[in-house]
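Topology and contacts: notes
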Amino acid sequence: GSSDHGLRVYSLQTGKCLRNLYNKKFGHTDWVTSCKFLDDGRVLSAGMDNLLCLWDSRVIKCQNLVGHNSTISKIMVDEQNFGISASYDASLLVWNLDTIECSQGLFNGHKDAVVEFNWRNSLVVSGDRGGSMAIWDINTGQAVRSMPGVHKGHISKIEFYSDG
C-alpha cells in the first residue's frame, strides 16, 4: 500500500508486480494505511479516506466497507474471515468479511484516535494517540477495562504476553 492510493502484489522470487490493486472505478482516494491478505486470496486494505476495500482475488475490483468517520490506522484479519479496523474516529469495528457487514462496534473506550491494537480470540487490546488503552470483549462489544493515560505519548505497539 502506498501514498499513491494503490496496492501492488509482488512475487518474492522474481520481484515482478503480479497485481496492481487500483483503477478509476475501484480503490482508495487517499493514502493506503494498512493491508492484509485473507486465506482465500482476497486483500483487505484501509486508507486515510475512511474506507476499507475488500479486493477480489481474481479481478481488479473491490467492495467498500463503510463505517468509520476518519482515517483508518490499522486492520487485522483472522482465519474465519473476520477483520477488525481501528480509526482516528476513536473506535474499532469488527467486520464479517464473508457477508461484508459490520458485526460489532467497539465504542466509548477511547477519547482520541485509536492508532494500535492487538487481537487474540475474543480479546482486543487497543491504544490511542493520547496514551490511553482499553481491553475489549468483541463478543459483547464492551470495554472490559479502560486505562486512561497509561503512557504520556501515543501507543505505538501492543503485544500479548502469556506466562503459561
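Look up a bit, the structure's there.
Here goes a summary of the coordinates provided. Predicted, not measured: the structure shown is a model, and the values here were computed from it.

**Let's talk about the environment of alanine 113**
Tracing the chain through its elements places alanine 113 in the loop between strand E10 (101–106) and strand E11 (114–120). Given the relative accessible area of 1%, alanine 113 is considered buried. With 25 residues separating them along the chain, alanine 113 and tyrosine 88 place their C-alpha atoms 3.8 Å apart.

**Structural notes on the sheet that holds E11**
What links the strands of a sheet is backbone hydrogen bonding, and the strands pair in either a parallel or an antiparallel sense. Read across the sheet, four strands follow the order E11-E12-E13-E14 without closing on themselves; strand pairing throughout is antiparallel. In this open sheet, the two strands that pair with only one neighbour each are E11 and strand E14 (142–147). The mean angle between the axes of side-by-side strands here comes to 20°, regardless of whether they run parallel or antiparallel. Bridging between strand E12 (residues 123–128) and strand E13 (residues 133–137) involves five bridges; their strand directions are antiparallel. In the sheet register, serine 126 faces E13, and the bridge partner there is alanine 134.

**Quick notes on the nonpolar core**
Counting residues in each nonpolar core, the largest one holds 13 residues, and the members touching the most others are Ile84, Leu92, Phe117, Trp119, Val124, Trp136 and Ile138. Counting only elements with at least two residues in this core, the list comes to strand E8 (82–87), strand E9 (92–96), E11 and E13. The element that contributes the greatest number of residues to this core is E11, accounting for three residues. By size, the runner-up hydrophobic cluster in this structure holds 11 residues, among which are Leu38, Leu52, Trp95 and Leu97.

**Some thoughts on the pattern of salt bridges**
A complete count under the given rule lists six salt bridges for this structure. For lysine 157, the salt bridge identified is with glutamate 159, shortest N-O distance 3.1 Å. For lysine 157, a relative accessible area of 53% translates into the label exposed. Glutamate 159 sits in the exposed class, given a relative accessible area of 55%. A network of salt bridges, in which partner residues are shared, links Asp40, Arg42 and Asp98.

**Overview of the side chain of histidine 110**
Relative to the elements of secondary structure, histidine 110 occurs in the loop between E10 and E11. A distance of 2.6 Å separates a polar atom in the side chain of histidine 110 from a polar atom in the side chain of serine 126. A polar side-chain atom of histidine 110 sits 2.9 Å from a polar atom in the side chain of aspartate 128.

**Notes on unusual backbone geometry**
For residues that are not glycine, phi is negative in most cases, and the peptide bond is trans in most cases. A positive phi angle, near 75°, is found at asparagine 50, a position not held by glycine. When you line up the elements, asparagine 50 lands in the loop between strand E4 (43–47) and strand E5 (51–55). Unusually for a residue other than glycine, asparagine 108 sits at a positive phi of about 65°. Along the polypeptide, asparagine 108 turns up in the loop between E10 and E11.

**Here we look at the pairing of E10**
Relative to E10, E9 runs antiparallel, the two being bridged by five bridges. Across the sheet, leucine 92 pairs through a bridge with leucine 106, a residue of E10. The loop that links E9 with its antiparallel partner E10 comprises four residues; one of these, isoleucine 100, has a positive phi angle of about 60°.

**Points about the sheet that holds E10**
An order of E7-E8-E9-E10 is seen for the four strands of this open sheet, with the pairing classed as antiparallel. The sheet terminates laterally at strand E7 (72–77) and E10, the two strands that pair on one side only. The mean angle between the axes of side-by-side strands here comes to 20°, regardless of whether they run parallel or antiparallel. Both E8 and E9 contribute to a ladder of five bridges, which runs antiparallel. Bridged to phenylalanine 82 within E9 is asparagine 96.

Cut-offs used in this document
Residues numbered from 1 in each chain as written. Predicted model: local features only at pLDDT ≥ 70, side-chain atom pairs only at ≥ 80, totals over all residues. Heavy atoms only, no water. Helix = DSSP H or I, 4+ residues; strand = E, 2+ residues; numbered from the N terminus. Buried < 20%, exposed > 50% of the residue type's maximum accessible area, 1.4 Å probe, protein only. Pairing = 2+ DSSP bridges. Axes fitted to C-alpha atoms, helices over the stretch in contact; angles between N-to-C directions. Core = buried A, V, L, I, M, F, W, Y, C linked by side-chain atoms within 4.5 Å. Salt bridge = Lys/Arg side-chain N within 4 Å of Asp/Glu carboxyl O. Polar contact = N/O pair within 3.5 Å; in protein donor to acceptor, adjacent residues only side chain to side chain.

Geometry only, nothing functional implied.
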